[in-house]
Amino acid sequence: MAATDRAIELTTAAAHAAADKLGTNIVAYDVSEQLAITDTFLLVTAANERQVGAVVDGIEEKLRELGAKPTRREGNREQRWVLLDYLDLVVHVQHTEERTLYALERLWGDCPRIELGVQEDR
């Protein structure tokens, strides 16, 4: 079963919001076949802690406009890796060092990529 239309809509909106806040290396995966808990993962890199916070705030604001609120938010205090759980979508906003260290693409890279239509989609 592929990701729902709603999950794709939220993922794309979150990606655009992240790009607007200068998030980089923005990629999304359809993980619906591998995980029962969510449909998509969105990965975003931010250059420093302050930018991590700005990207997270931008994503939350945009998705709130679409009627979505995160059910869980983790990593807020350190601003190095913030996870936003929207049930159908899980967003990972990572500081550059955490993105390199944890390399989530290695774990989920065999899942289908979602075309996001943002400049940093690579």
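Notes on the structure follow. All of these numbers come straight from a predicted model, not from anything done at the bench. (Residues numbered from 1 in each chain as written. Predicted model: local features only at pLDDT ≥ 70, side-chain atom pairs only at ≥ 80, totals over all residues. Heavy atoms only, no water.)

## Quick notes on the overall build of the protein
Stage number 1. Counting its secondary structure elements, the protein contains 4 helices and 5 strands.
Stage number 2. Going residue by residue from the N terminus, the α and β elements of the protein occur as α-β-β-α-β-β-β-α-α.
Stage number 3. Computed over C-alpha atoms, the radius of gyration of the protein comes to 13 Å, within 12% of the 14 Å expected from 2.2 N^0.38 for 122 residues, which places it in the range of a compact globule.
Stage number 4. With the C-alpha coordinates of the protein rotated into their principal frame, the extents come out at 35 × 30 × 25 Å.
Stage number 5. At a minimum sequence separation of 6, the contacts of the protein that also span at least 24 residues come to 65%.
Stage number 6. On the protein, roughly 6,500 Å² of surface is accessible, and the fraction owed to carbon and sulfur atoms is 50%.
Stage number 7. The protein carries 14 positive and 22 negative side-chain charges, and their two centres are separated by 6 Å. (Helix = DSSP H or I, 4+ residues; strand = E, 2+ residues; numbered from the N terminus. Rg over C-alpha atoms; globule rule 2.2 N^0.38 Å. Contact = heavy atoms within 4.5 Å. Areas by Shrake-Rupley, 256 points an atom, 1.4 Å probe, with all protein chains shown as cover. Lys, Arg positive; Asp, Glu negative; His and termini not counted. Charge placed at Lys NZ, Arg CZ, Asp CG, Glu CD.)

## Digging into the packing of aromatic side chains
Stage number 1. Counting across every chain of the model gives 2 aromatic pairs.
Stage number 2. Here phenylalanine 41 and tryptophan 108 contribute two aromatic rings whose centre-to-centre distance is 5.1 Å and whose plane-to-plane angle is 90°, an arrangement assigned as edge-to-face. Of this pair, phenylalanine 41 sits in strand E2 (residues 40-46) while tryptophan 108 sits in helix H4 (residues 104-108), placing them 67 residues apart in sequence. Of the two residues, phenylalanine 41 and tryptophan 108, neither departs from the other in class, the shared state being buried. (Phe/Tyr/Trp six-rings, centres within 6.5 Å; stacked < 30°, edge-to-face > 60°. Buried < 20%, exposed > 50% of the residue type's maximum accessible area, 1.4 Å probe, protein only.)

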